[in-house]
Amino acid sequence: AFAGKEDVKMSDCLFCKIVSGDVPSKKVYEDEYVYAFEDINPVAPVHILFIPKEHISGVSEITPANSEVISKIFEAIAKVTAEKGLDKNGFRVVSNCGADAGQTVFHLHFHVIGGTKLNWP
Ligand code: AMP
Ligand code: ZN
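As the structure is a prediction and not an experimental result, all values here were calculated from the model.

## Details of the site of ligand 1
Item 1. Among the 16 residues in the neighbourhood of ligand 1, the closest are listed as Asp39, Asn96, Thr104, His109 and His111.
Item 2. Asp39 is positioned with one of its side-chain polar atoms (N or O) 2.5 Å from an oxygen atom of ligand 1.
Item 3. The separation between an oxygen atom of ligand 1 and a polar side-chain atom of His109 is 2.9 Å.
Item 4. Summarising the interface, the protein chains cover 83% of the accessible area of ligand 1, which totals 500 Å² for the free molecule.
Item 5. In terms of residues, the shell around ligand 1 owes the most to one element, helix H1 (residues 14-20), which gives 3 residues.

## Some words on the pattern of salt bridges
Item 1. In this structure the tally under the stated criterion is 3 salt bridges.
Item 2. Taking the shortest distance from any N to any O, the salt bridge between Glu30 and Lys27 comes out at 2.8 Å.
Item 3. On the accessibility criterion, Glu30 (36% relative accessible area) is partly exposed.

## A look at the coordination of the zinc ion (ligand 2)
Item 1. Looking at the zinc ion (ligand 2), one finds its protein donor set to be Cys13 (SG), Cys16 (SG), His55 (ND1) and His107 (ND1), positioned 2.0 to 2.3 Å from the metal centre.
Item 2. One can describe the donor arrangement at the zinc ion (ligand 2) as tetrahedral, given that its 4 donor atoms subtend angles of 105 to 116° at the metal.
Item 3. Between consecutive donor residues of the zinc ion (ligand 2), the sequence gaps follow C-x2-C-x38-H-x51-H. Taken as a pair, His55 in the loop between strand E3 (46-52) and helix H2 (68-83) and His107 in the loop between strand E4 (91-94) and strand E5 (110-114) lie far apart in primary sequence, 52 residues in all.
Item 4. Since its relative accessible area comes to 15%, His55 is described here as buried.
Item 5. Take His107: its relative accessible area is 0%, and that puts it in the buried class.

The rules behind the values
- Residues numbered from 1 in each chain as written.
- Chains lettered and ligands numbered in written order.
- Predicted model: local features only at pLDDT ≥ 70, side-chain atom pairs only at ≥ 80, totals over all residues.
- Heavy atoms only, no water.
- Near = heavy atom within 4 Å.
- Polar contact = N/O pair within 3.5 Å; in protein donor to acceptor, adjacent residues only side chain to side chain.
- Areas by Shrake-Rupley, 256 points an atom, 1.4 Å probe, with all protein chains shown as cover.
- Helix = DSSP H or I, 4+ residues; strand = E, 2+ residues; numbered from the N terminus.
- Salt bridge = Lys/Arg side-chain N within 4 Å of Asp/Glu carboxyl O.
- Buried < 20%, exposed > 50% of the residue type's maximum accessible area, 1.4 Å probe, protein only.
- Donors = N, O, S within 2.8 Å, 3.2 Å for Na, K, Ca; no water.
- Tetrahedral: all angles 85-135°; square planar, octahedral: opposite > 155°, others 65-115°.

Printed below as a string of structure tokens:
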């Protein structure tokens, strides 16, 4: 667990609102478990966020009870990146968790970035 997660109620959660459509987004992919949309502040030519429709605060909150969606997310990442041709030159998947990583939205999300040669921090 990380400090701050208790402050986030699902009704106040930005990405829960994106899933529900209360906050608009540029949808890239959707299925029963997963929603993916363009990052509003892209750091690379391709920058897509993949999230579980169910609220999970971050990687630290993944448990045996909720982890099935993680495989669904990665299946979606493989499908979407292949459709966009990113599998040829590669791409990166990142999830920032907690303060040291600079997590700003406390609904689990996987950044998929690519479309250019990436530097490593
Ligand atoms: P992190 O800093 O890892 O928690 O990532 C949060 C990401 O959400 C950042 O890359 C933001 O640019 C992105 N973001 C914040 N608000 C929105 C929004 N309304 N629509 C799309 N992306 C957003
Ligand atoms: Zn949420």
